[in-house]
Amino acid sequence: PSLAAAEWARLQQRFGGLMAGRDRVIQVSNQSSGTWYRLRASGFADRADARRLCAALQAENTDCIAVVVN
């Protein structure tokens, strides 16, 4: 979780305007290969809003996948 939190801080520093108003979510995923921590952003108006953020991050060579979480 500390690496995910550090990555969030790095993204906020690098993409401050794009990350404004987004909340950090760190999700724990226990897999047979070990424990993974997914870093997610929340606080989007809709799916299109999330896709716009991902497109902007990807244009700067940063991985991003827009997902819907129920």
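How each quantity is defined
- Residues numbered from 1 in each chain as written.
- Predicted model: local features only at pLDDT ≥ 70, side-chain atom pairs only at ≥ 80, totals over all residues.
- Heavy atoms only, no water.
- Core = buried A, V, L, I, M, F, W, Y, C linked by side-chain atoms within 4.5 Å.
- Buried < 20%, exposed > 50% of the residue type's maximum accessible area, 1.4 Å probe, protein only.
- Helix = DSSP H or I, 4+ residues; strand = E, 2+ residues; numbered from the N terminus.
- Contact = heavy atoms within 4.5 Å.
- Expected span 1.5 Å × (residues − 1).
- Arc of directions from axis to C-beta.
- Salt bridge = Lys/Arg side-chain N within 4 Å of Asp/Glu carboxyl O.

Chemist: Looking at this model, I keep getting lost on the nonpolar core. Mind explaining?
Modeler: Soluble globular proteins tend to bury their nonpolar side chains together. The biggest cluster of nonpolar side chains holds 8 residues, and these are Trp8, Leu11, Phe15, Met19, Leu53, Cys54, Leu57 and Cys64. Those elements giving two or more residues to this core turn out to be helix 1 (2-14) and helix 3 (47-59). Other than its neighbours up to four places away in sequence, Trp8 contacts Met19, Arg22, Asp23, Arg24, Leu39, Arg40 and Ala41.

Chemist: What exactly am I supposed to notice about helix 3 here?
Modeler: Because each turn of an α-helix spans 3.6 residues, side chains separated by three or four positions end up pointing in the same direction. Here helix 3 is 13 residues long and its end C-alpha atoms lie 18 Å apart, about the 18 Å a rise of 1.5 Å per residue gives. If you check which residues of helix 3 are buried, you get Asp49, Ala50, Leu53, Cys54 and Leu57. Down the axis of helix 3, the buried side of the element spans an arc of 135°, and every buried residue falls inside it. For helix 3, the exposed residues set more than 90 degrees away from the buried face come down to Arg52 and Ala59.

Chemist: Got a minute to help me understand the pattern of salt bridges in this structure?
Modeler: For side chains bearing opposite charge, pairing can occur when the charged atoms are close. Taken as a whole and judged by the stated rule, the model has 3 salt bridges. In this structure, Arg52 and Asp49 form a salt bridge, with 3.8 Å as the shortest nitrogen-oxygen distance. One end of the pair, Arg52, and the other, Asp49, are both in helix 3, 3 residues apart, so they sit about a helical turn from each other. Overall, the relative accessible area of 15% leaves Asp49 in the buried class. Each of Arg22, Asp49 and Arg52 takes part in one network of salt bridges that share partners.

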